[in-house]
Amino acid sequence: MSFNSLGLSNALLKAVSKQGYTTPTPIQEKAIPLILEGKDILASAQTGTGKTAGFTLPMLQTLSRGQRLRHRPIRALVLTPTRELAAQVHNNVKAYSEFLDIRSSVIFGGVNQRPQVATIRNGVDILIATPGRLLDLQNQGLLSLAKIEILVLDEADRMLDMGFIGDVNTLLDKTPKKRQTLLFSATISQPVKALARKILNNHQLISVAKQNA
Ligand code: AMP
């Protein structure tokens with residue numbers, strides 16, 4: 001199987017090839033076509049499986065095909081449990097969107113909020129964030145989640161373990177009901193299943209074996 005048969009645009013194939021990827025990983029093979037179809041997903045995938053490209057590539061394609069508003073509201077949100085993961089996902093998003101007219105930004109706690117707010121004000125299509133800082137900025141009225149089309153929860157099990165469920169639920173309530181939601185988790189525990197039942201709509205289940213690094 002090659003990346004060419006997954007339905008990705010030339011701009012994305014070019015970015016993938018620039019990364020040196022020749023073959024999609026199993027999670028990418030399964031997730032990319034379903035996400036492009038607009039399906040909600042519950043994916044059991046650990047770090048190292050290529051899960052980030054698995055949700056980022058189709059997300060970029062959907063956003064670049066959709067309607068563009070001049071003030072660039074946030075149209076896709078990726079929530080991660082830690083700032084390290086947020087930064088890592090943002091690096092992936094930047095690399096894969098190199099040949100697209102898509103802007104992305106990352107926000108997390110522990111640093112001055114001012115530069116983060118300034119970037120968002122300028123307009124970003126994709127925001128990667130940790131729940132605490134995002135909720136903080138949202139409560140201050142500094143950003144809006146009302147135009148979110150795609151929501152990704154990355155490492156959902158860790159997010160629950162770290163006690164972010166309350167923040168995540170509050171944030172989800174600020175996003176439109178009609179959205180595509182992608183839930184990625186290393187383990188599909190009972191709490192993850194409960195979250196999936198609550199926030200996913202008629203979802204597809206994807207599971208892949210752990211890949212050796
Ligand atoms: P992740 O599981 O998203 O953290 O990705 C693990 C690593 O695999 C990252 O360093 C990616 O750059 C790399 N990667 C993702 N997809 C592919 C692919 N199709 N072929 C080779 N490497 C990949």
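So, how was this worked out
- Note that residues are indexed from 1 along each chain, following the sequence as it is written.
- Given that the model is predicted, a residue must reach a pLDDT of at least 70 before its local features are reported, and side-chain atom pairs must reach 80 or more before they are shown or counted; all residues, however, enter totals for whole chains, interfaces and linings.
- The side-chain values count all of the structure's non-hydrogen atoms but skip hydrogen atoms and water molecules.
- Residues are labelled near a given molecule or strand when at least one of their non-hydrogen atoms is within 4 Å of it.
- What qualifies as a polar contact is a pair of N or O atoms within 3.5 Å, subject to a donor-acceptor requirement within protein and to the restriction that residues adjacent in sequence count only when both atoms come from side chains.
- Here the Shrake-Rupley method, with its probe set to 1.4 Å, supplies the accessible areas, and only the displayed protein chains count as covering residues.
- Ten residue types, Ala, Val, Leu, Ile, Met, Phe, Trp, Tyr, Cys and Pro, are classed as nonpolar, four, Asp, Glu, Lys and Arg, as charged, and the remainder, Gly among them, as polar.
- Two strands are said to pair when DSSP picks up at least two bridges between them.
- Only DSSP runs of H or I with at least four residues qualify as helices, and only runs of E with at least two residues qualify as strands; both kinds are numbered from the N terminus onward.
- Lines fitted to the C-alpha atoms define the axes, with helices restricted to the stretch that makes contact. Angles between their N-to-C directions range from 0 to 180 degrees.
- Every case where a carboxyl oxygen of Asp or Glu lies within 4 Å of a side-chain nitrogen of Lys or Arg is listed as a salt bridge.
- Summary of the burial criterion: residues with accessible area below 20% of their type's maximum are buried, those above 50% are exposed, and those between are partly exposed, where the area comes from a 1.4 Å probe applied to protein chains only.
- This arc corresponds to the set of directions leading from the helix axis out to the C-beta atoms.
- Here a residue-residue contact requires only that any non-hydrogen atoms of the pair lie within 4.5 Å.
- Given the number of residues in a helix, its expected span is that number minus one, multiplied by 1.5 Å.
- Residue types Ala, Val, Leu, Ile, Met, Phe, Trp, Tyr and Cys, when buried and joined through side-chain atoms within 4.5 Å, form a set referred to as a nonpolar core.

A.B. asks: Quick question: what am I supposed to make of the site of the ligand here?
C.D. replies: Neighbouring the ligand are the residues Phe3, Tyr21, Thr23, Pro24, Thr25, Gln28, Thr47, Gly48, Thr49, Gly50, Lys51 and Thr52. At a separation of 2.7 Å, a nitrogen atom of the ligand approaches a polar side-chain atom of glutamine 28. Between an oxygen atom of the ligand and a main-chain N or O atom of threonine 49, the distance comes to 3.1 Å. Isolated, the ligand exposes 500 Å² of accessible area, and the fraction of that covered by the protein chains is 68%. Its residues assigned to classes, the shell around the ligand shows three nonpolar, eight polar and one charged.

A.B. asks: Explain the sheet that holds strand 2 (residues 76-79) to me, please; I cannot follow it from the model alone.
C.D. replies: By way of backbone hydrogen bonds, the strands of a sheet pair with one another, either parallel or antiparallel. Strand order in the open sheet made by the seven strands is 3-4-2-5-6-1-7, with parallel pairing throughout. Strands at the two margins of the open sheet, each flanked by one partner only, are strand 3 (104-107) and strand 7 (204-207). Pairs of neighbouring strands in the sheet enclose a mean axial angle of 15 degrees, with direction left out of account. As paired strands, strand 1 (residues 41-44) and strand 6 (residues 180-185) are joined by four bridges and run parallel to one another. In the strand pairing of strand 6, alanine 43 is matched with phenylalanine 184.

A.B. asks: Even after reading the chapter, I still don't get the pattern of salt bridges, so can you show me in this structure?
C.D. replies: Pairs may arise between side chains of opposite charge once their charged atoms sit close together. For the coordinates displayed, the defined rule picks out eight salt bridges. Between lysine 18 and glutamate 98 there is a salt bridge whose closest N-O contact spans 2.8 Å. Here glutamate 98 lies in the loop between helix 4 (83-96) and strand 3 and lysine 18 lies in helix 1 (residues 10-18), a separation of 80 residues in the sequence. Under the relative-accessibility criterion, glutamate 98 is labelled partly exposed at 43%. Measuring nitrogen to oxygen at the nearest pair gives 2.7 Å for the salt bridge that ties arginine 75 to glutamate 149. Of the two residues, arginine 75 is situated in the loop between helix 3 (51-65) and strand 2 and glutamate 149 in the loop between helix 6 (131-139) and strand 5 (150-153); the sequence distance between them amounts to 74 residues. The exposure class of arginine 75 is buried, given its relative accessible area of 4%. Bridged by salt links that share partners, the residues Lys51, Asp154, Glu155 and Arg158 form one connected network.

A.B. asks: Could you clarify how one ought to interpret the environment of leucine 12 in this entry?
C.D. replies: Looking at the element boundaries, leucine 12 is found in helix 1. Note: C-alpha distance between leucine 12 and tyrosine 96 (84 residues apart in sequence) is 6.4 Å.

A.B. asks: Would you take a moment to explain helix 8 (residues 165-173) for this structure?
C.D. replies: Because each turn of an α-helix spans 3.6 residues, side chains separated by three or four positions in sequence point in the same direction. Taken as a whole, helix 8 has its buried residues at Val168, Asn169, Leu171 and Leu172. Angular distribution of buried residues about the axis of helix 8 spans 165 degrees; they occupy a single face of the element. Turning to helix 8, the residues buried within the fold contact strand 2, helix 6, strand 5, helix 7 (156-161) and helix 9 (190-199).

A.B. asks: Looking at this model, I keep getting lost on helix 4. Mind explaining?
C.D. replies: Taking 1.5 Å of rise per residue, the 14 residues of helix 4 would be expected to cover 20 Å, and the 20 Å separating its terminal C-alpha atoms lies within 8% of that figure. Buried residues of helix 4: Leu85, Ala86, Val89, His90, Asn92, Val93 and Tyr96, and no others. What you see down the axis of helix 4 is that its buried residues fit within an arc of 160 degrees, all on one side. Taken together, the buried residues of helix 4 touch helix 1, helix 3, strand 2, strand 3 and strand 4 (126-129).

A.B. asks: So what exactly am I meant to see when it comes to the nonpolar core here?
C.D. replies: One broad trend across soluble globular proteins is that nonpolar side chains are buried collectively. Leu57 and Ile126 are the most contacted members of the largest nonpolar core, which has 40 residues in total. When residues in this core are grouped by element, the largest group, six residues, is from helix 3. Among all residues touching isoleucine 126, those that are not within four sequence positions of it are Met59, Leu60, Leu63, Ala76, Val93, Ile102, Arg103, Ser104 and Ser105.

Keep in mind these values describe shape, not function.
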